[in-house]
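Listed here are the chains, written in short residue letters.
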Amino acid sequence: MKKVKVGLLGLGNIGIGTYKILTQNTEKITGLSNSQIDIEKILVSDIHKKREIAVPKELLTTDAYEIINSPEIDVVVELIGGIDKAYEYIKAALLNGKHVATANKAVIATHGMELMNIAKQNRVLLLFEASVAGGIPIITAMMKPLCGNEFREIIGIVNGTTNYILTQMSENHMEYEVALKQAQEKGFAEADPSSDVEGEDAAYKLCILMLIAFGVYVDPKDIPREGITKISKEDIDFASNFGYKLKLLAGAKNSSGRLKYYVYPTLVAESHPLASVNNEFNALFIKGDAVGELMFYGRGAGSMPTGSAVVGDIVSIAKCIGTDLLNITPAQPYPITDETLELTGESKSMYYINFLVGDEPGALGKVSTAFGNHGISIQSVLQRSKGSNEVPVIYILHETKRKQLDDALADITNNNYVKEITSILRVLS
Ligand code: HSE
């Protein structure tokens, strides 16, 4: 039987999950891959640290290059996270002719094009199923069984931390800060949650999804994004009154060669399948020209779900070793021009607008007239009197260009009957 030797870089949460699955489900994995997959070495920062699993001490090393340069090792599995060191190790491993599996979205979104080219030149595989939505096998699904489709649209809830926070705000009427604290106590949010709550983590994942679905590379920094830090319990309650849930969506839509992509907190109609994806769960809603609509649902993080995806990649690599390998074709950089990109001002969306309006005769009529003057059609309006002189008035607007909306809002705020625009959110249509 073929022997495949694996070096793990990192024995944190995902490393432990990967180790457990490889050692617990050995018989199944051996049978499927027709290979004996052995963990040869594991990079750790402290050999003597107490761990939740018993790992033979002789497997541990504090020197990454003992793995990367080992002639014995066929597959390097990068699970240390972060960008710079992970990039250095993955690149060195590929140049040394090792296959690589990684769970690292930041490194693939930042250096993936270069690393895929190096892998191709060195006739090795670079797989990263675990980098997007943890246990959901979305990358393999798009590359293999769905590869015959032209993808029209991908809409994902790809960040469990923010989905947990928004769900708690909605179901238990918590303010953002309270829900964040609870997420941290339960281990769903990091001590420094900024990458998750500001949408950076979702932008990395969207970058990778677009690479696979559309064959284009868009720098994560160029993805328009808003996080959830300014979302109020009030907006979530109002959205619910209109029949919507608020979700942080990472989306990309290709209509007639024009690509629109974003990471935004968005109102999703309760009838949409994404609306019922709650707490730490992730989901991807995909439209392909042949297959139609598909929805993938599962755990996007955690030791065992993410380990499940990593092990899947290791097995895929093991099956390919000794065969004529084909690598993922690196994406062609997408020619971003006014023709191909829906510029922010041109991009159409439905909107939710929350105004604080003076409770005086004609105020609501003036706001509505201003929208009409700018060619914007109103879908619904809700006014909630608090018994004070100023009342929240919430509009749901039919699809409009952002520029039209901004012009209307400029007119509206020039008049003293609108005290404040409390929030502007997109509505999925
Ligand atoms: N921090 C991510 C999340 C998990 O909250 O979904 C790892 O990508």
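Preceding this paragraph is the structure being described.
These lines cover the structure that appears in this document, whether it is placed above or below. Along each chain, residues carry numbers from 1 onward, in the same order as the chain's sequence is written. Two thresholds apply to this predicted model, a pLDDT of at least 70 for residue-level local features and 80 or more for giving and counting side-chain atom pairs, whereas whole-chain, interface and lining totals are computed over all residues. With hydrogens and water excluded, all non-hydrogen atoms of the structure serve as input to the side-chain values.

A separate point is the site of the ligand. All residues in the neighbourhood of the ligand are listed as Lys105, Asn159, Gly160, Thr161, Asp196, Asp201, Lys205 and Ala301. In the model, an oxygen atom of the ligand is placed 2.8 Å from a nitrogen or oxygen of the Lys105 side chain. Using a 1.4 Å probe, accessible areas were evaluated by the Shrake-Rupley method; residue-level cover was limited to the displayed protein chains. Computed on the free molecule, the ligand has an accessible area of 260 Å², of which 81% lies beneath the protein chains in the complex. In this analysis the probe radius is 1.4 Å and the grid spacing 1 Å, with only protein atoms considered; a cavity is a set of points the probe fits into but cannot get out of, a pocket is an open set with protein on both sides within 12 Å along at least five of seven lines, and lining residues have an atom within 4 Å of a point. Think of it this way: a molecule belongs to a cavity or pocket when more than half its atoms come within 2 Å of the grid points there. Of all the cavities here, the one that holds the ligand is the largest pocket. Only DSSP runs of H or I with at least four residues qualify as helices, and only runs of E with at least two residues qualify as strands; both kinds are numbered from the N terminus onward. For the shell around the ligand, the elements supplying multiple residues, two or more each, are helix H7 (160-171) and helix H10 (200-214). Near residues are defined by distance, with any heavy atom within 4 Å of the molecule or strand qualifying the residue. Polar contacts, as used here, are pairs of N or O atoms within 3.5 Å; protein pairs need one atom able to donate a hydrogen and one able to accept it. Residues neighboring in sequence count only if both atoms are side-chain atoms.

Turning next to unusual backbone geometry. Within the chain, Ala133 stands out as a residue other than glycine whose phi angle is a positive 60°. Along the chain, the position of Ala133 falls in the loop between strand E6 (126-127) and helix H6 (138-143). Accessibility here uses a 1.4 Å probe with only protein chains present; expressed as a share of the type maximum, an area under 20% marks a residue as buried, one over 50% as exposed, and anything in between as partly exposed. Assessed through its relative accessible area of 0%, Ala133 is described here as buried. Look at His173: it is not a glycine, yet its phi comes out positive at around 50°. Considering the arrangement of structural elements, one finds His173 in the loop between H7 and helix H8 (176-185).

By the convention used here, strands pair only if DSSP detects at least 2 bridges between them. Spatial strand order, E12-E11-E7-E9-E10-E17-E14-E16-E15: nine strands in an open sheet with mixed pairing. Across the chains shown, the open sheet's two edge strands, defined by having one partner strand only, are strand E12 (292-299) and strand E15 (378-383). Between one strand axis and the next, the sheet turns through 25° on average, direction left out of account. Note: strand E7 (residues 151-157) against strand E9 (residues 244-255), four bridges, orientation antiparallel. By the bridge assignment for E9, Ile154 is matched with Ala252. By the convention used here, residues are in contact when the closest approach between their heavy atoms is within 4.5 Å. Simply put, an axis is a line fit to the C-alpha atoms, just over the touching stretch for a helix, and the angle between two N-to-C directions goes from 0 to 180 degrees. In this fold helix H14 (residues 402-413) packs onto strand E14 (348-358), strand E16 (390-401) and strand E17 (418-427), with an angle of close to 150° to the strand it touches most, E16.

Within the secondary structure, Ser349 sits in strand E14. Owing to a relative accessible area of 9%, Ser349 belongs among the buried residues under this scheme. Those residues in contact with Ser349 that sit more than four places away from it in its chain are His398, Glu399, Thr400, Arg426 and Val427.

This part takes up the environment of Asp324. Inspection of the secondary structure assignment puts Asp324 in the loop between helix H12 (303-320) and strand E13 (332-333). Once the C-alpha coordinates of Asp324 and Arg123 are considered, the two residues, 201 residues apart in sequence, prove to be 9.1 Å apart.

All right, on to the pattern of salt bridges then. Each reported salt bridge corresponds to a side-chain nitrogen of Lys or Arg within 4 Å of a carboxyl oxygen of Asp or Glu. Going through the model one piece at a time under the given rule, you end up with 14 salt bridges. Measuring nitrogen to oxygen at the nearest pair gives 3.0 Å for the salt bridge that ties Glu114 to Lys91. Linking Glu114 in helix H5 (residues 105-121) with Lys91 in helix H4 (residues 84-95), this pair joins segments that are 23 residues apart in sequence. Note on Glu114: relative accessible area 31%, which makes it partly exposed. Assessed through its relative accessible area of 26%, Lys91 is described here as partly exposed. Note that Glu153 and Lys287 form a salt bridge whose closest N and O atoms lie 3.4 Å from each other. Note that Glu153 is positioned in strand E7 and Lys287 in strand E11 (residues 281-288), a separation of 134 residues in sequence. Using a relative accessible area of 9% as the deciding quantity, one classes Glu153 as buried. Beyond isolated ion pairs, a larger network of salt bridges with shared partners links Lys5, Asp38 and Glu40.

Attention shifts here to the packing of aromatic side chains. By convention, a stacked pair of Phe, Tyr or Trp rings (six-membered ring in the case of Trp) has centres within 6.5 Å and planes under 30 degrees apart, an edge-to-face pair has planes over 60 apart, and any other such pair is tilted. Taken as a whole, this structure holds seven aromatic pairs when the rule is applied. Ring geometry for Tyr262 versus Tyr264: centroids 5.5 Å apart, planes at 10°, classification stacked. Ring geometry for Phe281 and Tyr297: centres 4.9 Å apart, planes at 5°, overall stacked. One end of the pair, Phe281, is in strand E11; the other, Tyr297, is in strand E12, with 16 residues separating them in the sequence. The structure contains a cluster of three or more aromatic residues connected by ring pairs, namely Phe355, Phe371 and Tyr395. Two conditions define a charge sitting above a ring: the NZ of Lys or the CZ of Arg must be within 6 Å of the ring centre, and it must be within 35 degrees of the ring normal. Just above the ring of Tyr264 sits the side chain of Arg426; from NZ or CZ to the centre is 3.5 Å.

Right, let's get into the environment of Glu171. You can see Glu171 is positioned in helix H7. Here Glu171 falls in the partly exposed class, since its relative accessible area comes to 44%.

In short, the description is geometric, and any link to function would need to be established separately.
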